[in-house]
Amino acid sequence: MASAIEVLGKQAMKTFSDHRLCQKNFDKLLSLINKITAEDVKLEKNALDYVSRQPAPMCVMDIFENKDITIAIFILKHGVKMPMHDHPGMHGLLKVISGMVELSSYSLKTKSDHVIKTKEEIAAFRHQSIRLHSNSSACTFTPTEKNLHEILCVEGPAAFLDILSPPYDVDEFGKGTRPCTFFKTVKSKLCTESTDIIEEVQLSVVENLPDFYSSSLEYIGPPLKSYCN
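The structure reproduced in this document is the subject of the present report. (Residues numbered from 1 in each chain as written. Predicted model: local features only at pLDDT ≥ 70, side-chain atom pairs only at ≥ 80, totals over all residues. Heavy atoms only, no water.)

1. Here's the deal with the overall build of the protein
Selection criterion: Helical segments are the DSSP runs of H or I of at least four residues, strand segments are the runs of E of at least two, and each set is numbered from the N terminus. Only C-alpha atoms enter the radius of gyration; for comparison, a globular chain is expected to reach 2.2 Å times N to the power 0.38, where N is the number of residues. When a residue's accessible area, from a 1.4 Å probe over protein chains only, is under 20% of the maximum for its type it is buried; when over 50% it is exposed; and in between it is partly exposed. Residues count as neighbours in contact if any of their non-hydrogen atoms are within 4.5 Å of one another. Here the accessible surface of atoms and residues is derived via Shrake-Rupley with a 1.4 Å probe, and residues count as covered only by protein chains that are part of the display. In this charge count, Lys and Arg are treated as positive and Asp and Glu as negative; neither His nor the chain ends contribute. Where a charge lies is defined by one atom per residue type: Lys uses NZ, Arg uses CZ, Asp uses CG and Glu uses CD.
Looking only at helices and strands, the protein features 4 helices and 11 strands. The C-alpha atoms of the protein give a radius of gyration of 17 Å, which matches the 17 Å a tight globule of 229 residues would have. Projected onto its principal axes, the C-alpha positions of the protein cover 50 × 45 × 40 Å. When burial is assessed residue by residue, the protein has 49% of its 229 residues classed as buried. Look at the contacts in the protein between residues 6 or more apart in sequence, and 77% of them connect residues 24 or more apart. For the protein, the exposed area adds up to about 11900 Å²; of that, 51% sits on carbon and sulfur atoms. Side-chain charges of the protein comprise 26 positive and 29 negative groups, with the mean position of each set lying 3 Å from the other.

2. Structural notes on the pattern of salt bridges
Where charged atoms from two side chains of opposite charge come close, those side chains can pair. Test applied: The rule for a salt bridge is simple: a side-chain nitrogen of Lys or Arg has to be within 4 Å of a carboxyl oxygen of Asp or Glu.
Applying the stated rule across the entire model yields 5 salt bridges. Residue Asp49 pairs with Lys45 through a salt bridge whose shortest N-O separation is 2.8 Å. With Asp49 and Lys45 both in helix α3 (residues 45–53) and 4 residues apart, the pair spans about one turn of that helix. A residue is classified by how much of its surface remains accessible, and Asp49, at 29% relative accessible area, is partly exposed.

3. A short note on the nonpolar core
Quick note on the threshold: Residues grouped as a nonpolar core are buried Ala, Val, Leu, Ile, Met, Phe, Trp, Tyr and Cys residues, joined through side-chain atoms within 4.5 Å.
Leu8, Leu43, Ile73, Ile75, Leu161 and Ile163 are the most contacted members of the largest nonpolar core, which totals 33 residues. Sorting the residues of this core by element identifies α1 (4–16), α2 (23–33), α3, β1 (58–65), β2 (70–76), β4 (91–108) and β8 (148–165) as the ones contributing at least two each. Here this core takes 5 residues from α1, the largest share from any one element. Listed in part, the 18 residues of the second largest apolar core include Met58, Val60, Leu76 and Leu132.

4. Details of α2
Keep this limit in mind: The arc in question is traced by the directions running from the helix axis to the C-beta atoms.
Within α2 the residues assigned to the buried category are Asn25, Phe26, Leu29, Leu32 and Ile33. With its buried residues spanning 120° around the axis, α2 presents them on a single face. Where α2 is buried, its residues contact α1, β4, β7 (139–141) and β8.

Given below as structure tokens:
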């Protein structure tokens, strides 16, 4: 019998292997990821304790990746913030499985999914921040809606399962068709006409983040290769 994470992986492939997204398949994927627990991926206390002791602000467990999807677990140390970053042309799901994070999402003002240029300043809307824990539903984003986010660990270490489609696409120098770009807010203006959108902001690209980096951690849960290929 397939494990919960294997069933999830198979549904992720079914959902994203056809580039015309079927809402019924996506809704089923969302339902499945909402049921995933730390036990399903064998994320144990000793791994979380190790993350607390090691120097990197974040550890990453790579579970599966092919041309259509990437599935991974990110573990943030207590008090660490993953800086604001984008997911060009991607859909994504984020499910907290341990600890608690505060998620702040942004949508570009122009409905563009282009790769941002280094010197470019862009307008975006900041959505109301939300706190997520293991009993919270997964958050989702699209190429145009809530595509940028920053994640603060408020009770940690905090771990979340991430499914992205398609994966980032860069070479060893960080150049490619889908790079991960980091941003900072340079201007902001309060929005009062919406309960979800709280600010209109101007963002600029951050080229170097010397204080934020990650280390790899081995994934020991059920493998997905036979279910996702």
